[in-house]
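# Structural description and commentary
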Amino acid sequence: MPAASAGLFIIDFIARPFAKIFEKMPFVALLLCLMIYGVVAYFIVKTTFLADQHD
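Just so it is clear, the structure is predicted and the values come from calculations on it, not from any experiment. (Residues numbered from 1 in each chain as written. Predicted model: local features only at pLDDT ≥ 70, side-chain atom pairs only at ≥ 80, totals over all residues. Heavy atoms only, no water.)

Check the secondary structure of the protein and you find 2 helices and 0 strands. Across the 55 residues of the protein, 2% fall into the buried class. Counting every atom, the protein has about 5200 Å² of accessible surface; 79% of that belongs to carbon and sulfur. (Helix = DSSP H or I, 4+ residues; strand = E, 2+ residues; numbered from the N terminus. Buried < 20%, exposed > 50% of the residue type's maximum accessible area, 1.4 Å probe, protein only. Areas by Shrake-Rupley, 256 points an atom, 1.4 Å probe, with all protein chains shown as cover.)

Structure follows, in structure tokens:
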């Protein structure tokens, strides 16, 4: 468990300045989240359909 807590501490240390910026501009944070999840969803759908086509 110490490695997980160290990882969370590092993430918190890196993300804290961005969190303060996103508190002032929540619309930008929403757009960033939508872009990240959109890219992930695109790759998931792409690999799923490519796997179905090759069978």
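Glancing now at a nonpolar patch on the surface. On the surface, Phe9, Ile10, Phe13, Ile14, Phe18, Ile21, Met25 and Val28 cluster together into a nonpolar patch covering about 840 Å² of accessible area. Mapped onto the secondary structure, phenylalanine 13 falls in helix H1 (residues 2-24). Relative accessible area serves as the criterion here: at 63%, phenylalanine 13 is assigned to the exposed category. (Patch = residues over 30% accessible without salt bridge, like charges linked within 9 Å, V, L, I, M, F, W, Y side chains within 5 Å. Salt bridge = Lys/Arg side-chain N within 4 Å of Asp/Glu carboxyl O.)

Looking now at the packing of aromatic side chains. Here the structure, examined in full by the defined rule, presents 1 aromatic pair. With a centroid separation of 5.5 Å and 65 degrees between ring planes, the pair formed by tyrosine 42 and phenylalanine 43 is classed as edge-to-face. Residue classification places phenylalanine 43 among the partly exposed residues on the basis of a relative accessible area of 46%. (Phe/Tyr/Trp six-rings, centres within 6.5 Å; stacked < 30°, edge-to-face > 60°.)

Before going further, it helps to spend a moment on the environment of threonine 48. Examined against the element boundaries, threonine 48 turns out to sit in helix H2 (residues 26-53). Threonine 48 sits in the partly exposed class, given a relative accessible area of 40%. Of the polar contacts made by the side chain of threonine 48, one reaches the backbone oxygen of isoleucine 44; its length is 2.7 Å. (Polar contact = N/O pair within 3.5 Å; in protein donor to acceptor, adjacent residues only side chain to side chain.)

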